[in-house]
Amino acid sequence: MRRRLGPAAVVLAGALALAGCGGSDSGSGSADGKAELSVGAAYMPQPVSDEMAAGFFTVTNKGGAPDELTSVTSDVAGQVTVHETAGGAMQEVKGLKVPAHGELVLKSGGDHLMFEQLKRKPTEGQTVSVELRFAHSGPVKVEMPVKSATYNPKTGH
């Protein structure tokens, strides 16, 4: 009897473990083996230029695998580039890492997006649509509210 119940118990335990993972998009098993991305705190300060704007947000990864933000598109700009700030100097990069069980924070004075070749100048109160693309995860669409040019997310003003 034990030999028949042993494999059945293993199959049942495996099925229960998979059911606990949620998500039906992957048959990879454990949720720890992939990134689980969400985006929050997105905003664009109202641009002072007719040609360029900046964008900020936080990508949270609750999964056990890292990912990388590789590109961004938006209907408001001809081109959106990803920039990092190191030692006070900003430079365009091919991607920004999203650590496993961590965050990628884009903020004023730090890593950020640059919206170039603006097709229209977004104004406070409007929303800008962006699509974030990652090395391993599917694309994420974000509605980015346009805030005042002097908006500070810490104070909400």
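Scroll up a little and you will see the structure.
Since we're looking at a predicted model, the values are computed, not measured.

**Student:** Teacher, can you tell me more about the overall build of the chain here?
**Tutor:** Counting its secondary structure elements, the chain contains one helix and 10 strands. Within the span of the chain, comprising 157 residues, buried residues form 33% of the whole. For the chain, the proportion of contacts with a sequence separation of at least 24, taken over those separated by at least 6, is 68%.

**Student:** Would you mind going over the environment of Asp-67 with me for this structure?
**Tutor:** Position of Asp-67 among the secondary structure elements: in strand S3 (residues 67–74). Classification of Asp-67 by relative accessible area gives buried; the value is 3%. Sequence separation between Asp-67 and Ala-135 is 68 residues, and the spatial gap between their C-alpha atoms is 6.1 Å. What Asp-67 contacts, discounting residues up to four positions off in sequence, is Ala-35, Leu-37, Asn-61, Leu-96, Lys-97, Val-98, Phe-134, Ala-135, His-136 and Ser-137. Here the side chain of Asp-67 touches Ala-135 through a polar contact of 3.2 Å, landing on its backbone nitrogen.

**Student:** Quick question: what am I supposed to make of the pairing of strand S9 (residues 127–134) here?
**Tutor:** The side chains of a regular strand alternate, first on one face of the sheet and then on the other. Alignment of S3 against S9, held across five bridges, turns out to be antiparallel. Each residue of the ladder has a partner; that of Thr-73, found in S9, is Glu-131. Hairpin connection from S9 to strand S10 (residues 140–147): five residues lie between these consecutive antiparallel strands.

**Student:** Looking at this structure, how should I read the pattern of salt bridges?
**Tutor:** Oppositely charged side chains can pair when the atoms bearing their charge come close. One pass over the full model with this rule turns up four salt bridges. Note that Glu-131 is salt-bridged to Arg-133, the shortest N-O span being 2.8 Å. Accessibility expressed as a relative area gives 32% for Arg-133, which makes it partly exposed. Residues Glu-131 and Lys-141 are paired through a salt bridge, measuring 3.6 Å at the closest nitrogen-oxygen approach. You can see Glu-131 sitting in strand S9 and its partner Lys-141 sitting in strand S10, a full 10 residues away along the chain. The buried category is assigned to Glu-131, whose relative accessible area is 15%. The network of salt bridges with shared partners includes Glu-131, Arg-133 and Lys-141.

**Student:** Looking at this structure, how should I read the environment of Lys-107?
**Tutor:** Position of Lys-107 relative to the elements: it lies in the loop between strand S7 (102–106) and strand S8 (112–118). Residues Lys-107 and Phe-57, 50 residues apart in the sequence, show an inter-C-alpha distance of 6.9 Å. Excluding its chain neighbours within four sequence positions, the residues that come into contact with Lys-107 are Phe-56 and His-112.

**Student:** I'm lost on the packing of aromatic side chains in this one. Help?
**Tutor:** In this description, an aromatic ring pair is defined by two values, namely the gap between the centres and the angle between the planes. Considering all chains together, one arrives at two aromatic pairs under this definition. Relative to Phe-56, the ring of Tyr-43 lies with its centre 5.3 Å away and its plane at 45 degrees, an arrangement referred to as tilted. Of this pair, Tyr-43 sits in strand S1 (residues 37–45) while Phe-56 sits in strand S2 (residues 52–61), and the two are 13 residues apart along the sequence. On the basis of relative accessible area, Tyr-43 is assigned to the buried category, the value being 6%.

**Student:** I would appreciate a short explanation of the layout of surface pockets in the present structure.
**Tutor:** Using a probe with the size of a water molecule, rolled over the atoms, empty space left in the structure can be pinpointed. Put simply, the largest pocket is a space of about 240 Å³. Along its surface, the largest pocket is lined by Ala-41, Tyr-43, Phe-56, Phe-57, Thr-58, Val-105, Leu-106, Lys-107, Ser-108, Asn-152, Pro-153 and Lys-154. Sort the elements by how many residues they give to the lining of the largest pocket and S2 lands first, with three residues. Partitioning the lining of the largest pocket into residue classes produces seven nonpolar, three polar and two charged.

So, how was this worked out
Residues numbered from 1 in each chain as written. Predicted model: local features only at pLDDT ≥ 70, side-chain atom pairs only at ≥ 80, totals over all residues. Heavy atoms only, no water. Helix = DSSP H or I, 4+ residues; strand = E, 2+ residues; numbered from the N terminus. Buried < 20%, exposed > 50% of the residue type's maximum accessible area, 1.4 Å probe, protein only. Contact = heavy atoms within 4.5 Å. Polar contact = N/O pair within 3.5 Å; in protein donor to acceptor, adjacent residues only side chain to side chain. Pairing = 2+ DSSP bridges. Salt bridge = Lys/Arg side-chain N within 4 Å of Asp/Glu carboxyl O. Phe/Tyr/Trp six-rings, centres within 6.5 Å; stacked < 30°, edge-to-face > 60°. 1 Å grid on protein atoms, 1.4 Å probe; cavity = no way out; pocket = protein on both sides within 12 Å on 5 of 7 lines; lining within 4 Å. Points joined across faces, edges and corners; volume = space filled by probe spheres on them. Nonpolar A, V, L, I, M, F, W, Y, C, P; charged D, E, K, R; others polar.

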